Amino acid sequence: MRHVLIVSFYLFPAIAIAVLAPVIPFVGMPGWGAGLLLLTIASLVHMGMSVKASRESSERQLEVLAHELAVTRHDLDAAREEVSAIRETIDAMPDSGHVVSELKVLQGLLGQLSAKAPDKPKAKPAAAAKQKTEEEDTGLPIVAAASGASEPLLLIDDDEVLTIVEQALREDRVDLYLQPIVNLPQRKRQFYECFSRIVDDRGRVIMPEQYIPVAEAAGLVAVIDNMLLFRCIQLVRRAVRGQPGLAFFCNISDSSLTDVDFFTDFIEFLADNQKLTPNLFFEFEQEAIVNPTYETQVNLQRLQDLGFHFSLDQVRTLDLDLPHLADLGFKYIKVGAHMLHEMARGDDPQLDMSRFKGALDRCAMDLIVEKIESEDMLRDLLDLKIDFGQGYLFGEPRPTTAPTK
């Protein structure tokens, strides 16, 4: 509108001059020429003003765009910082990548517990149990435990034992006990074996000797084994956060290994915890491996495919197919100190220790001798060139105070 007014301001005088003044005095210019000149001047002025206005408008638009770009860059930088902070927070939460699979396992286990309505066995005092405690120096806080002390008899019947077990499993009252495994002859701690203990709401420890017979009578032993195995892995995962060099042995019972529904979820859970493969060795009883069911064979292979390795426990005979065990993923053989002494000592030993150790070495396997309780026993065994030792001589099992949640 402003431009129209400017043009009109020059246009009407130009027309008037052209019509009313045939000749402009002093310059001798015809009126129409003067009008045309005035109109040309008006056009040039208008054009100049338009260019200036356009340039000013463009400059203002550029300033606005530059400001918006600066704001966008600032917002983008802030967003990047926020994403980076979120990523750092997630990376600092070791459980973040495991929530779905962990909840799935828990849901299945709690469903199993709920589905098992135990037949009330005839009440009787629960068996007295000896409290085993784990050796410290894992870098975790350790609860003090009396050496060789026996737990007092818990005067509770089987019904109460079963109730305590179920409540403890639901409420995460499961303690992780650790016992060191040392290399020999240096006695340097190399590994820790994990044991699970159930604690009631008064802090009393319910040992397997107490709850297993009751659980078997109620048909709950497989569910309890599954839950304890799961809790053990959770606790090991937490234990290695600050010390990635720690390594643990964790038992998998035959009832867990052959529980198809549980083990399917458990494999998924372990797949999300594959970073534990250097820190975790699974133990299996010899009987379950020598006479495996189809489920046992399949699940061993699934564990091996994830990169985990194994230890043979509860060994009753050393008539072993070592190459086959090595192919299955076994790296360790555990033998009791008394059994090894009886077989490898004496005038007519049943076991040629040199040949046995040579066979183990060719299969990249090591021997762990457990239940070494005295210096005399150790001196007797060291002549056999054993690799690792475990027993009260090197440290009792002791409970950690690592959180179970």
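Residues numbered from 1 in each chain as written. Predicted model: local features only at pLDDT ≥ 70, side-chain atom pairs only at ≥ 80, totals over all residues. Heavy atoms only, no water.

Engineer: Describe the layout of surface pockets, naming the residues involved and giving the relevant values.
Structural biologist: The computed volume of the largest pocket comes to approximately 1,000 Å³. Along the walls of the largest pocket sit 37 residues, with Glu 193, Phe 195, Arg 197, Asn 251 and Gln 314 positioned nearest its centre. For the lining of the largest pocket, the secondary-structure elements that each account for two or more residues are strand E4 (189-199), helix H5 (208-218), helix H6 (221-239), strand E6 (248-251), helix H7 (254-257), strand E7 (280-285) and helix H9 (286-290). Approximately 230 Å³ is the volume found for the second largest pocket. Considering the residues around the second largest pocket, the lining is formed by 14 residues, among which Gln 286, Glu 287, Ile 289, Val 290 and Leu 320 are closest to the centre. Only H9 and helix H11 (322-328) provide two or more residues apiece to the lining of the second largest pocket. Take the lining of the second largest pocket: its biggest share by element is 4 residues, from H9. Residue classes in the lining of the second largest pocket are distributed as 5 nonpolar, 4 polar and 5 charged. (1 Å grid on protein atoms, 1.4 Å probe; cavity = no way out; pocket = protein on both sides within 12 Å on 5 of 7 lines; lining within 4 Å. Points joined across faces, edges and corners; volume = space filled by probe spheres on them. Helix = DSSP H or I, 4+ residues; strand = E, 2+ residues; numbered from the N terminus. Nonpolar A, V, L, I, M, F, W, Y, C, P; charged D, E, K, R; others polar.)

Engineer: Pulling in residues and values, what's your account of the pairing of strand E9 (residues 330-336)?
Structural biologist: Extensive coverage of E9 is indicated by the burial of 6 of its 7 residues. Pairing between strand E8 (residues 309-313) and E9: 3 bridges, direction parallel. In the sheet register, Leu 312 faces E9, and the bridge partner there is Ile 333. Regarding topology, H11 serves as the crossover connection from E8 to the parallel E9, and that connection is right-handed. Examined bridge by bridge, E9 and strand E10 (residues 366-370) share 5 bridges and lie parallel to one another. Bridging across to E10, Val 335 finds its partner in Val 369. (Buried < 20%, exposed > 50% of the residue type's maximum accessible area, 1.4 Å probe, protein only. Pairing = 2+ DSSP bridges. Right-handed = clockwise from strand over helix to strand, strands pointing away.)

Engineer: So what's going on with unusual backbone geometry? Which residues, and what values?
Structural biologist: Cis rather than trans, the peptide bond between Leu 184 and Pro 185 has omega equal to 5°. Looking at the element boundaries, Pro 185 is found in the loop between strand E3 (174-183) and E4. Phi is positive for Arg 187, close to 70°, though the residue is something other than glycine. Relative to the assigned elements, Arg 187 resides in the loop between E3 and E4. Positive phi, normally seen in glycine, also occurs at Gln 314, with a value near 50°. By the element assignment, Gln 314 lies in the loop between E8 and H11.

Function cannot be read off these values alone, since they describe shape.
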